[in-house]
Amino acid sequence: MKITRAYTMSARAESAAQTGERILDAAVELFWERPTDRLSLEDVASRAGVSVQTVIRRFGGKEGVLVAAVEREGRRVEAQRATAPVGDVAAAVRVLVDHYEEMGDGVLLMLSVEPQFPGLTPIIERGRLVHRQWCGRVFAPSLEARRGVDRTRLLAQLVAVCDVQTWQLLRRDGRLSRRQTERALIELLDPLMEGSR
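Quick caveat, the model's predicted, so the values are computed rather than measured.

Thresholds, definitions, all that
- Residues numbered from 1 in each chain as written.
- Predicted model: local features only at pLDDT ≥ 70, side-chain atom pairs only at ≥ 80, totals over all residues.
- Heavy atoms only, no water.
- Phe/Tyr/Trp six-rings, centres within 6.5 Å; stacked < 30°, edge-to-face > 60°.
- Buried < 20%, exposed > 50% of the residue type's maximum accessible area, 1.4 Å probe, protein only.
- Lys NZ or Arg CZ within 6 Å of the ring centre and 35° of its normal.
- Helix = DSSP H or I, 4+ residues; strand = E, 2+ residues; numbered from the N terminus.
- Lys, Arg positive; Asp, Glu negative; His and termini not counted.
- Salt bridge = Lys/Arg side-chain N within 4 Å of Asp/Glu carboxyl O.
- Core = buried A, V, L, I, M, F, W, Y, C linked by side-chain atoms within 4.5 Å.
- Contact = heavy atoms within 4.5 Å.
- Axes fitted to C-alpha atoms, helices over the stretch in contact; angles between N-to-C directions.
- Parallel < 35°, antiparallel > 145°, perpendicular 65-115°, else oblique.
- Nonpolar A, V, L, I, M, F, W, Y, C, P; charged D, E, K, R; others polar.
- Expected span 1.5 Å × (residues − 1).

(A) Up close: the packing of aromatic side chains. Counted under the stated rule, the structure contains two aromatic pairs. A centroid spacing of 6.2 Å and a plane angle of 85° characterise the contact between Trp-134 and Phe-139, whose relative ring orientation is edge-to-face. One exposure class covers both Trp-134 and Phe-139, and it is buried. Sitting above the plane of the Trp-134 ring, Arg-81 keeps its charged end 4.4 Å from the centroid.

Structure, rendered in structure tokens:
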């Protein structure tokens with residue numbers, strides 16, 4: 001009897017986890033498809049194949065779903081960006097552009113709706129911190145050659161050059177191909193590296 005009950009509890013927990021993931025998958029898909037102010041719990045529930053009440057019970061409402069979805073995607077992004085090798089500008093740029101090609105437009109959308117959804121602010125701030133730390137790790141050899149305000153300035157420049165909005169200016173506004181976008185980023189980064197070579 002105890003074995004059956006434990007199996008049933010385990011199966012229910014697994015089913016609940018899968019339902020939660022389906023809801024988050026649906027929220028992410030819809031978030032990328034339309035402005036957040038037009039995203040509804042009904043749409044999320046319908047896409048996930050659950051009731052609105054299930055979404056509310058699990059995440060507390062629209063903002064809760066969005067925050068949970070963005071947090072999950074943030075963890076995935078951190079893992080992907082962690083693959084960039086230290087000190088190799090071209091390889092780092094490839095990893096960065098991989099990330100922006102997949103999620104850049106969505107990140108820009110999220111930044112644009114932040115004022116409407118205060119729950120996103122801590123997540124966006126965390127993303128900025130992760131980006132800054134990524135630049136500090138990937139470009140560590142160049143940064144180690146600098147001290148004080150020179151190091152602070154270089155890190156700020158690296159963060160700016162590698163920002164999603166720089167990608168937007170090159171790739172979307174400038175209509176560069178992916179290859180040309182990577183080349184432009186490398187050309188912007190190379191002069192910053194010269195003082196440490």
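(B) Seen up close, unusual backbone geometry. One non-glycine residue, Arg-175, lies in the positive phi region at around 60°. Looking at where Arg-175 falls in the secondary structure, it is placed in the loop between helix 9 (164–173) and helix 10 (178–193).

(C) Region of the structure containing the side chain of Arg-146. Mapped onto the secondary structure, Arg-146 falls in the loop between helix 7 (140–144) and helix 8 (148–161). Despite its burial, Arg-146 pairs with no opposite charge; the closest candidate is Asp-150, at 6.0 Å N-O.

(D) Here's a closer look at the nonpolar core. Counting 31 residues, the largest nonpolar core has Trp-134, Cys-135, Phe-139, Leu-158, Cys-162, Leu-189 and Leu-192 as its most contacted members. When contributions to this core are tallied by element, the ones reaching two or more residues are helix 5 (89–113), helix 6 (121–138), helix 8, helix 9 and helix 10. When sequence neighbours within four positions are dropped, the list of residues in contact with Leu-192 reads Arg-146, Leu-154, Gln-157, Leu-158 and Val-161. Judged by nonpolar contacts, the second largest core, of 27 residues, contains Phe-31, Val-113, Ile-123 and Ile-124.

(E) View of the packing of helix 8 against helix 10. Remark: helix 8 packs on helix 10, axes separated minimally by 10 Å, with the N-to-C direction vectors making an angle of 175°. Viewed along their axes, helix 8 and helix 10 adopt a mutual orientation that is roughly antiparallel. Residues Leu-154, Gln-157, Leu-158 and Val-161 of helix 8 lie in contact with helix 10, whose contacting residues are Leu-185, Leu-188, Leu-189, Leu-192 and Met-193. Among the residues making up the contact of helix 8 with helix 10, the classes are represented as eight nonpolar, one polar and no charged.

(F) Molecular detail of the pattern of salt bridges. Applying the stated criterion across every chain yields a total of 14 salt bridges. For the salt bridge of Arg-128 with Glu-125, the shortest nitrogen-to-oxygen distance reads 2.6 Å. Here Arg-128 pairs with Glu-125, and both are found in helix 6, just three residues apart, close to one helical turn. Two residues, Glu-182 and Arg-178, come together in a salt bridge whose shortest N-O distance is 3.0 Å. With Glu-182 and Arg-178 both in helix 10 and four residues apart, this pair spans about one turn of that helix. Given the relative accessible area of 27%, Arg-178 is considered partly exposed. Salt bridges here are not isolated pairs; linked through shared partners, they connect Glu-21, Asp-25, Arg-72, Glu-73, Arg-76 and Glu-102.

(G) Summary view of helix 4 (residues 62–81). With 20 residues, helix 4 should cover 28 Å at 1.5 Å per step; its first-to-last C-alpha distance of 28 Å lies within 8% of that length. The complete set of buried residues in helix 4 reads Val-65, Leu-66, Val-67, Ala-68, Ala-69, Val-70, Arg-72, Glu-73, Val-77 and Arg-81.

Interpretation in functional terms is not warranted from these geometric data alone.
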